[in-house]
Amino acid sequence: MKDLNPRQQEAVRYIDGPLLVLAGAGSGKTSVITRKIAHLVQKCGIPANRIVAVTFTNKASREMKERVGHLISGAEARGLTVSTFHNLGLNILRKEHKSVGLKNGFSIFDDQDSRSLLTELSHKETAVAGEDVDYLRNKISQWKNDLVTPSQAQSHAAGEEEMRAAHVYSAYDRCLRAYNAVDFDDLISLPTLLFRDNEEVRERWQHKIHYLLVDEYQDTNTSQYLLVRLLVGRRARFTVVGDDDQSIYAWRGARPENLVQLAEDYPALKVVKLEQNYRSTQRILKAANAVIDNNPHVFTKQLWSEHGFGEQIRIIRCLNEESEADRVAMEIMHQKMQKGRDFKDFAVLYRGNFQSRTLEIKLQAYQIPYKVSGGTSFFSRSEIKDVMAYLRLVINPDDDNAFLRIINTPRREIGPSTLEKLAGYAQQRGVGLFAACDEMGLEQTLTGRPLQNLQRFSRWLAETTERIQRTDAIPAIQQMLRDIDYQAWLLEQAPSAKAAEKRMENVNQLVESMERMLGKQEEEDIAAVIGKLILIDLLEQRDEEDASDKVQLMTLHASKGLEWPYVFIMGLEEELLPHRNAIEEDTIEEERRLMYVGITRAQRELTLSLTAKRKQYGEEFEPAPSRFLDELPTDDVVWEGKGGEQRSVEQKKALGRAYMANIRSLLE
DNA sequence: TCCTTTCGTATTTTT
DNA sequence: TACGAAAGGA
């Protein structure tokens, strides 16, 4: 406790009622949560298996587990739940699946699966061809987050577009249930609805959980908010930690006003503010405070720091996006050489992923090692999706989505017309596609080669399923991969032999991960392992192991929760930051919070850059400087470059020297 | 069935 | 500019 400040101690000690911790950026909120867990176990005598801590990301939950592990012994921590909202929802559904009409082994549709199902449905259900799938996906997600049922959506739909979406929503949900599947949103909304409507189940869970902690509370959506309320019940023993100024996911359904709502729903709510920042210089905090002051506030916060005042914030004007990237790359190289800074102490943040491209080219030119976060995740790789689809079908024979993905992967000479006939028959019989292959009646619809191919496949899959479930799962899965000769398929599909090898490696890694998870006692069941796998991104873990000396590149969104000594933010221009759509839709406040998040990532130095000209969609235009630059305190910023300035001779020489020095150091 | 052409569109994305 | 989807042709 000694190393906590008085406010933090108060937040840890207060356990008599509901508590809201308003934790400013860098104020040690994770410490408070982890200490509190230790305090609850060691000082308050609450058994660890009665404590639940909820986060939004796998990464945050891993970090929390690790830090709790340093504070209390393994024995004390036994049964402690630290998980993401979605994982918690999955665990609830797995135990209560019967009450929500799901069968054991239900599948989880990820975003891609949902989209492909919606694409199909929008063609079938609506007269308008090519209904905007993005729109549908968002709309349906919104409805689910707000706990709006398909029929409610239909009766409240405003306008024709929404009516159509409501129609697709209804068909989409019916499909999911027929496939014995849920989507990501269902992992939260189904348990919430279950608790809301089923007293027995609700009370059982309320009884189980003695204390609940929620991280990043400003990111909760309506359904998550209600889930928390239903889990804590009337005893209301919980701590939520959040910062309304760091709410940057409203566009995904997050409701930062849940922070305010909490005070209304729990009149006894105690509020503790953490305003001391342990991360940044005073100057950086002053700038951050100044920017965020332009937003209206329900809770006011003033971050302060005991660190020195620090360097001025630099704003660099560049000619165009290429010179901007070049300048940032050179700056990093220069500082590395001149001041002996490590590459890993730098981060470059930007609004949109596309901005990384120009920068990457320059970083490569200077041979600066870097790591781009974001991009395609492990589970969106086609080879992983394929193998997962096989496994999903093994666990859940009703998963038609998985069936369709793999029926011709690798090729089995089963084309669209055959599948259409099969689907028609399956629908008429009210069974899944896989089950339909086996029925005698199918011979009325299909004959000859197509029928034989289907039956051969279904027989093989039935045997494989049997092997995986009855015998040792891992060897059976490996056998399955050999049966379909997946390696050969990859060689045929991948652009090069090397790429194919890489993909096979990914597949092997997937199998290894399953083996490891099966080894842990908690998840003996292969079905449980496969379900859980979808929620975890294996790449993330791989990244963390690779803690080498690299400059970090990522979007402002992805930077939340992280920190670096030296931070660059690129593209401080109107229409980019704030983004054009945000200006149009008048969500400037969220953009400002994004800027605030970016500024508060920096520990020591902050450099902002903008361009005079930017090429976008092949056309050049002249962006205006971001309004957020005007909101910075003038005394604390220093402007460099006049907007149209070419690189000076001096800079070019310095650059050449730095480049040579780097080559030399690489050769050593 | 597969490959090419053409057209339209273009944030952020914890799970 | 650059990518994916849809349409058209071999």
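Reading guide: rules and limits
- Residues numbered from 1 in each chain as written.
- Chains lettered and ligands numbered in written order.
- Predicted model: local features only at pLDDT ≥ 70, side-chain atom pairs only at ≥ 80, totals over all residues.
- Heavy atoms only, no water.
- Phe/Tyr/Trp six-rings, centres within 6.5 Å; stacked < 30°, edge-to-face > 60°.
- Helix = DSSP H or I, 4+ residues; strand = E, 2+ residues; numbered from the N terminus.
- Lys NZ or Arg CZ within 6 Å of the ring centre and 35° of its normal.
- Near = heavy atom within 4 Å.
- Polar contact = N/O pair within 3.5 Å; in protein donor to acceptor, adjacent residues only side chain to side chain.
- Nonpolar A, V, L, I, M, F, W, Y, C, P; charged D, E, K, R; others polar.
- Pairing = 2+ DSSP bridges.
- Axes fitted to C-alpha atoms, helices over the stretch in contact; angles between N-to-C directions.
- Contact = heavy atoms within 4.5 Å.
- Buried < 20%, exposed > 50% of the residue type's maximum accessible area, 1.4 Å probe, protein only.
- Expected span 1.5 Å × (residues − 1).
- Right-handed = clockwise from strand over helix to strand, strands pointing away.

S.K.: How should the packing of aromatic side chains be read in this particular structure?
M.R.: In this description, an aromatic ring pair is defined by two values, namely the gap between the centres and the angle between the planes. By the definition in use, this model includes 12 aromatic pairs. Where F238 meets Y266, the ring centres are 5.1 Å apart and the plane angle is 70°; that geometry is what we call edge-to-face. Here Y266 lies in the loop between helix 12 (258-265) and strand 8 (270-274) and F238 lies in strand 7 (residues 238-242), a separation of 28 residues in the sequence. Clustering of aromatic rings is evident, with ring pairs tying together Y390, F403, F457 and W460. Sitting over the face of the ring of W143, K139 holds its NZ or CZ atom 5.7 Å from the ring centroid. If you follow R341 out to its NZ or CZ, it ends over the ring of Y566, 3.8 Å from the centre.

S.K.: I'm lost on the protein's contact with DNA strand B in this one. Help?
M.R.: Taken together, 23 residues form the shell around DNA strand B, and within it R252, R351, R411, P416 and T555 come nearest. By atom count, sugar and phosphate contribute 45% of the portion of DNA strand B lying within 4 Å of the protein. One of the side-chain nitrogen or oxygen atoms of R351 is found 2.2 Å away from a base oxygen of DNA strand B. Here the residues of the surface near DNA strand B are counted per class, giving 7 nonpolar, 10 polar and 6 charged.

S.K.: Which parts of the structure should I look at to understand the sheet that holds strand 8?
M.R.: In a beta sheet, neighbouring strands are held together by backbone hydrogen bonds and run either parallel or antiparallel to one another. Within the open sheet, the 6 strands sit side by side as 3-2-6-7-1-8. Their pairing is parallel. Looking at which strands have only one partner, the edges of the open sheet turn out to be strand 3 (81-84) and strand 8. Strand-to-strand twist of the sheet, defined as the mean angle between neighbouring strand axes without regard to direction, takes the value 15°. Helix 1 (residues 6-13) contacts strand 1 (19-23) and strand 8 of the sheet and is inclined by roughly 145° relative to strand 8. Packed onto the sheet, helix 4 (residues 85-96) meets strand 2 (51-55), strand 3 and strand 6 (211-214) and runs at close to 110° relative to strand 3.

S.K.: Is there a simple way to think about the protein's contact with DNA strand C in this case?
M.R.: With respect to spatial proximity, the complete set of residues near DNA strand C consists of R357, Y617 and G618. Taking all atoms of DNA strand C within 4 Å of the protein, the share assigned to sugar and phosphate is 20%.

S.K.: Is there a simple way to think about unusual backbone geometry in this case?
M.R.: Trans is the common state for peptide bonds, and a negative phi is the common state for residues other than glycine. Residue P578 is bonded to the preceding L577 through a cis peptide linkage, with omega at 5°. Assignment of secondary structure puts P578 in the loop between strand 15 (564-569) and helix 27 (580-584). Positive phi is not limited to glycine here, since L147 has a value of about 60°. Judged by its relative accessible area of 12%, L147 falls in the buried class. Positive phi values are uncommon outside glycine, yet Q367 reaches one of about 60°.

S.K.: Is there a simple way to think about the sheet that holds strand 19 (residues 637-640) in this case?
M.R.: In spatial order, the strands read 13-14-12-15-16-11-19; together these 7 strands make up an open sheet with parallel pairing. Where the open sheet ends on each side, the last strands, each with one partner, are strand 13 (370-372) and strand 19. Pairs of neighbouring strands in the sheet enclose a mean axial angle of 20°, with direction left out of account. Of the strand pairs in this sheet, strand 15 and strand 16 (residues 602-611) are connected by 5 bridges, and their pairing is parallel. Looking at strand 16, one finds that V567 is bridged to L606. On top of the sheet, helix 15 (residues 355-365) reaches strand 12 (346-350), strand 13 and strand 14 (551-555); it is set at about 165° to strand 13, its chief contact.

S.K.: Quick question: what am I supposed to make of helix 14 (residues 321-339) here?
M.R.: Structurally, the α-helix is built with 3.6 residues per turn, so residues lying three or four positions apart point the same way. Taking 1.5 Å per residue as the helical rise, helix 14 with its 19 residues ought to reach 27 Å, and the 26 Å between its terminal C-alpha atoms agrees with that figure. Its side-chain oxygen 3.0 Å from the backbone nitrogen of E322, N320 forms the N-cap of helix 14. Phi turns positive, to about 65°, at G340, one or two residues after helix 14.

S.K.: Would you mind going over the pairing of strand 2 with me for this structure?
M.R.: Looking down a regular strand, the side chains alternate between one sheet face and the other. Of all 5 residues in strand 2, 5 are buried; the element is thus mostly enclosed. Side chains of strand 2 alternate between two faces, with I51, A53 and T55 and V52 and V54 buried alike. With 4 bridges joining them, strand 2 and strand 6 adopt parallel strand pairing. From the neighbouring strand, I51 faces strand 6, where its bridge partner is Y211. The parallel pair strand 2 and strand 3, bridged by helix 3 (residues 58-71), forms a crossover whose chirality is right-handed.

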